[in-house]
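Take a look at the letters that make up each chain.
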Amino acid sequence: MKRLVSRPFADTRLPSYIEKRILELRPRKTQIMIASEAGFISPNMLAMIKNGASKLPLDRVASLAKALECDPVMLFILALEQLDKNTTEQAIRQIFGVLVTENEAAWLEEIRRASDDSNPGLTSRGRSAIRGIFGR
């Protein structure tokens, strides 16, 4: 008889992000090494997060981000998506506002430099230009 494995978080973005980072770090780091660096007692926990069987505990985001060599804010955002969006994410946004990754912060700094720190509003022309950069 086959045992059914529950994967309640498989449809979130986090499992595929973690899988991609693990593949990008090979052969320099194995999944077992990453799990150990992140402080997981059992390497199986990382496998469970990667396949969507378990969510990433928020207290492990910083250590896993360091082990995966990725932006901790990005990982935190993906971990938040696995929680009850109506309460946790809303509370975090009320307290901290919009979370910004290192790459997004670099974009903001460049906008500030380009505008001579004039705090420009987002116009339809500016929105179109940004979307054009990303082919949208």
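Above this text is the structure in question.
Remember, it's a predicted structure, so these values are computed and weren't measured experimentally.

A word on the packing of helix α1 (residues 13–25) against helix α4 (residues 61–68)
For the pair α1 and α4, the least separation of the axes is 10 Å and the interaxial angle reads 35°. Between α1 and α4, the residues in contact are Ile18, Arg21, Ile22 and Leu25 and Leu64, Ala67 and Leu68, respectively. Split into classes, the residues belonging to the contact of α1 with α4 amount to six nonpolar, no polar and one charged.

Focus on the packing of aromatic side chains
What the rule picks out here adds up to one aromatic pair. A cation over a ring is seen here: arginine 60 above phenylalanine 40, with NZ or CZ 5.8 Å from the ring centre.

Concerning unusual backbone geometry
Note the cis peptide between arginine 26 and proline 27, where omega equals 0°. Here proline 27 is to be found in the loop between α1 and α2 (31–37). Backbone geometry at aspartate 116 places phi at a positive 55°, although glycine is not the residue there. Residue placement: aspartate 116 occurs in the loop between α7 (102–114) and α8 (124–133). A positive phi angle is found at aspartate 117, which is not glycine, with a value near 55°. Residue classification places aspartate 117 among the exposed residues on the basis of a relative accessible area of 60%.

Some details on the nonpolar core
Within the largest apolar cluster, 21 residues are counted, with the highest numbers of intra-cluster contacts made by Ile18, Leu56, Leu64 and Leu75. Secondary-structure elements contributing two or more residues to this core are α1, α2, α3 (43–50), α4 and α5 (72–80). Excluding its chain neighbours within four sequence positions, the residues that come into contact with leucine 75 are Leu14, Tyr17, Ile18, Leu56, Val61, Leu64, Ala65 and Cys70.

Focus on the packing of α1 against α3
Running from N to C, α1 and α3 cross one another at 125°; their axes reach a closest spacing of 8 Å. The angle between α1 and α3 falls in the class oblique. Contact with α1, carried on its side by Leu14, Pro15, Ile18, Glu19 and Ile22, involves Leu46, Ile49 and Lys50 of α3 and no other residues of that element. Looking at side-chain class alone, the contact of α1 with α3 contains six nonpolar, no polar and two charged residues.

Rules of the game
- Residues numbered from 1 in each chain as written.
- Predicted model: local features only at pLDDT ≥ 70, side-chain atom pairs only at ≥ 80, totals over all residues.
- Heavy atoms only, no water.
- Axes fitted to C-alpha atoms, helices over the stretch in contact; angles between N-to-C directions.
- Helix = DSSP H or I, 4+ residues; strand = E, 2+ residues; numbered from the N terminus.
- Contact = heavy atoms within 4.5 Å.
- Nonpolar A, V, L, I, M, F, W, Y, C, P; charged D, E, K, R; others polar.
- Phe/Tyr/Trp six-rings, centres within 6.5 Å; stacked < 30°, edge-to-face > 60°.
- Lys NZ or Arg CZ within 6 Å of the ring centre and 35° of its normal.
- Buried < 20%, exposed > 50% of the residue type's maximum accessible area, 1.4 Å probe, protein only.
- Core = buried A, V, L, I, M, F, W, Y, C linked by side-chain atoms within 4.5 Å.
- Parallel < 35°, antiparallel > 145°, perpendicular 65-115°, else oblique.

Spatial relationships are all this shows, so hold off on functional conclusions.
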